[in-house]
Amino acid sequence: MKWLLAILTILLLATQYRLWVGPGSLAEITRLKRQLAVQREKNAALEQENRQLFREVRSLKVGTDGIEARARYDLGLIKEGETLFIFLETQETGQ
């Protein structure tokens, strides 16, 4: 009878090992759920960035307003008759 109890105890422990420690365990499932949540957040941020880039590309393809804004911002271009003012920040010394 003692042998049967020992064998059943060993079998119970062997089946519980996979539940708590082995592959597919509760700890691994929890870790994977956290990873999934982080990845979903990253995907949402990338989707937002993709939508913004798509709007920018569409704006550049459709009209000249997007191209003009891009040239003004990136290249510092101005229209004829405009005056460009550049404000430089002064460096304060510790005197």
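Residues numbered from 1 in each chain as written. Predicted model: local features only at pLDDT ≥ 70, side-chain atom pairs only at ≥ 80, totals over all residues. Heavy atoms only, no water.

## Some thoughts on the overall build of the protein chain
To keep things clear, this is the line we draw: Only DSSP runs of H or I with at least four residues qualify as helices, and only runs of E with at least two residues qualify as strands; both kinds are numbered from the N terminus onward. Values of the radius of gyration come from C-alpha atoms, whereas the globule rule sets the reference at 2.2 Å times the count of residues to the power 0.38.
From N to C terminus, the protein chain includes three helices and zero strands. The secondary structure elements of the protein chain, listed N-terminal to C-terminal, are α-α-α. For 95 residues, the compact-globule estimate of 2.2 N^0.38 gives 12 Å, and the protein chain exceeds it by more than 25% at 32 Å. Dimensions of the protein chain, computed from the C-alpha atoms along their principal axes, are close to 105 × 55 × 10 Å.

## Points about a nonpolar patch on the surface
The test is simple: Patch rule: a residue counts if its relative accessible area is over 30% and it has no salt bridge; like charges are joined within 9 Å, and nonpolar side chains (Val, Leu, Ile, Met, Phe, Trp, Tyr) within 5 Å. Calculation of accessible area relied on Shrake-Rupley with a 1.4 Å probe; when residues are assessed, cover is drawn exclusively from the protein chains displayed. A carboxyl oxygen of Asp or Glu within 4 Å of a side-chain nitrogen of Lys or Arg is what we treat as a salt bridge.
A grouping of Met-1, Trp-3, Leu-4, Ile-7, Leu-8 and Leu-11 is seen on the molecular surface, where their side chains present a nonpolar patch of about 770 Å² in accessible area. Its place among the elements puts Trp-3 in helix α1 (residues 2-20).

## Considering the pattern of salt bridges
For side chains of opposite charge, pairing can occur when their charged atoms come near one another. We apply this condition: Only protein chains enter the accessibility calculation, which uses a 1.4 Å probe. A residue is then buried if its area is under 20% of the maximum for its type, exposed if over 50%, and partly exposed in between.
All told, the structure shown has one salt bridge when counted by the stated rule. The shortest N-O distance in the salt bridge between Glu-28 and Arg-31 comes to 3.9 Å. Here Arg-31 and Glu-28 lie together in helix α2 (residues 26-62), a separation of three residues that amounts to about one turn. Its relative accessible area of 27% is what places Glu-28 among the partly exposed residues. Taking the relative accessible area as the measure of exposure, Arg-31 reaches 37% and is therefore partly exposed.

## A word on the confidence of the model for the protein chain
Note the threshold: The score called pLDDT rates the predictor's confidence residue by residue, from a low of 0 to a high of 100.
Per-residue confidence for the protein chain averages 84 on the pLDDT scale, and 97% of its residues sit at or above 70. No element of the protein chain has a lower mean pLDDT than helix α3 (residues 64-75), at 77, and none a higher one than α2, at 92.

## Regarding the environment of Glu-80
Position of Glu-80 among the secondary structure elements: in the segment after α3. The exposed category is assigned to Glu-80, whose relative accessible area is 83%. Separated by 30 residues in the primary sequence, Glu-80 and Asn-50 place their C-alpha atoms 35 Å from one another.

## Quick word on the side chain of Ser-25
Operational definition: Note on definitions: a residue-residue contact is assigned when non-hydrogen atoms from the two residues lie within 4.5 Å.
Within the secondary structure, Ser-25 sits in the loop between α1 and α2. Among the residues examined, Ser-25 registers a relative accessible area of 2% and is labelled buried. Here Ser-25 is in contact with Arg-18, Leu-19 and Trp-20, once residues within four sequence places are set aside.

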